[in-house]
Amino acid sequence: MIKIRIPATSANLGAGFDALGLAVSLYNYVEMEESDRVEISTTDSIPVPTDKTNMIYVAASDLYEVCGKELSGLKIKQTNNIPMTRGLGSSSACIVAGLVGANELLGRPLSDDDIVNLSAQIEGHPDNTAPALLGGIVTAVFDGRRVHWVKQEVFTKLKFVAIIPDFELSTSKARACLPKQIDFSDAVYNLSRAALFSSSLLTGKFENLRTGVDDRLHQPYRMELIPNAREVFDIAYSHGAYAAYISGAGPTIMAIADESNEFFAGKLKFSLENAGLTGWKVVELKIDNTGTTIL
Ligand code: HSE
């Protein structure tokens, strides 16, 4: 059995819709070997499809097809630590696991570039799949066929605190609420902030992050689908967060705080409870610069 570790990812980073994403220190594990049938199990109680519709299997099967090989079956064992349908890249983690695992089983015929491209083709956008594979912060443009990307390692010691609600929000629902067209001024608003965010993160100009996460493409619409999101943002900022944004398509809200803000996560949790927001879990994470790893 090969064993793969895949990080959770936080996409968009506010203004960088479908373009920016970073990997964080929360991991799924997938064990995989060739078999003459499909045998899928989990080490936890989280329900997953156990037939050929399982996303890890679908991705592995795609890679075999690309390489001109027949996949007769797979034995897959999943450990799911990344919460599903919460905006932390759980489906991308499955896609990347399937591709990396299948590539390994075939003796690594495909490069990282090939896997970045294939994973974006399956997911439809690259901002979770690319950082899940590569780690760090990834800037990615998907031209419909291939991904043009840059991975940058982040050496700042920021905390990324995921505030995860107890309800799900599917990416398809969170994309369906977005406008079909936007104003020219809104496009300028977003592209300037997306550029500001990544350059400020990488150069340590953290006072810019709050402006950098502000956007007019998706968060104002998605806020309506996330009850109490505004209160969660306010609480994060009241405890000194540099920035707070909807992680990916939501409903998780990610807060970024300085390492020296020692009790940030604890204070956040306490304030959420005091405000009656008891369904939100607070998980303190760091940036993962490694990406998917074969253990
Ligand atoms: N960029 C994507 C979105 C990420 O916001 O819809 C979620 O998969």
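Above this text sits the structure in question.
Everything quoted here is computed from the prediction, not taken from an experiment.

Scanning all chains against the criterion turns up 9 salt bridges. Between Asp-234 and Arg-230 there is a salt bridge; the shortest N-O distance is 3.9 Å. With Asp-234 and Arg-230 both in helix 9 (residues 229-238) and 4 residues apart, this pair spans about one turn of that helix. We classify Asp-234 as partly exposed; its relative accessible area is 43%.

Time to look at helix 1 (residues 55-66). Taking 1.5 Å as the rise per residue, helix 1 with 12 residues should run 16 Å; its terminal C-alpha atoms sit 16 Å apart, in good agreement. Looking only at helix 1, the buried set comprises Ile-56, Tyr-57, Ala-59, Ala-60, Leu-63 and Tyr-64. Along the axis of helix 1, the buried residues cluster in a sector spanning 165°; they form a single face. In helix 1, the exposed residues that point more than 90 degrees away from the buried face are Glu-65 and Val-66. Turning to helix 1, the residues buried within the fold contact strand 2 (20-34), strand 3 (38-42), strand 4 (74-79), helix 2 (90-105) and helix 3 (112-123). Of the residues that open helix 1, the one with a side-chain oxygen 2.8 Å from the backbone nitrogen of Ile-56 is Asn-54. Gly-68 sits one or two positions beyond helix 1 and adopts a positive phi of about 70°.

All residues adjacent to the ligand are Asn-12, Phe-17, Asp-18, His-125, Asp-127, Asn-128, Thr-171, Arg-175, Arg-222, Gly-248 and Ala-249. Here Asp-127 contributes a side-chain N or O atom positioned 2.6 Å from a nitrogen atom of the ligand. With respect to the ligand, the side chain of Arg-175 contributes an N or O atom lying 2.6 Å from an oxygen atom. In the complex, the protein chains occlude 97% of the 260 Å² of accessible area that the ligand would expose alone. Its residues assigned to classes, the shell around the ligand shows 2 nonpolar, 5 polar and 4 charged.

Thresholds, definitions, all that
Residues numbered from 1 in each chain as written. Predicted model: local features only at pLDDT ≥ 70, side-chain atom pairs only at ≥ 80, totals over all residues. Heavy atoms only, no water. Salt bridge = Lys/Arg side-chain N within 4 Å of Asp/Glu carboxyl O. Helix = DSSP H or I, 4+ residues; strand = E, 2+ residues; numbered from the N terminus. Buried < 20%, exposed > 50% of the residue type's maximum accessible area, 1.4 Å probe, protein only. Expected span 1.5 Å × (residues − 1). Arc of directions from axis to C-beta. Contact = heavy atoms within 4.5 Å. Polar contact = N/O pair within 3.5 Å; in protein donor to acceptor, adjacent residues only side chain to side chain. Near = heavy atom within 4 Å. Areas by Shrake-Rupley, 256 points an atom, 1.4 Å probe, with all protein chains shown as cover. Nonpolar A, V, L, I, M, F, W, Y, C, P; charged D, E, K, R; others polar.

Treat this as a map of the structure, not an account of what it does.
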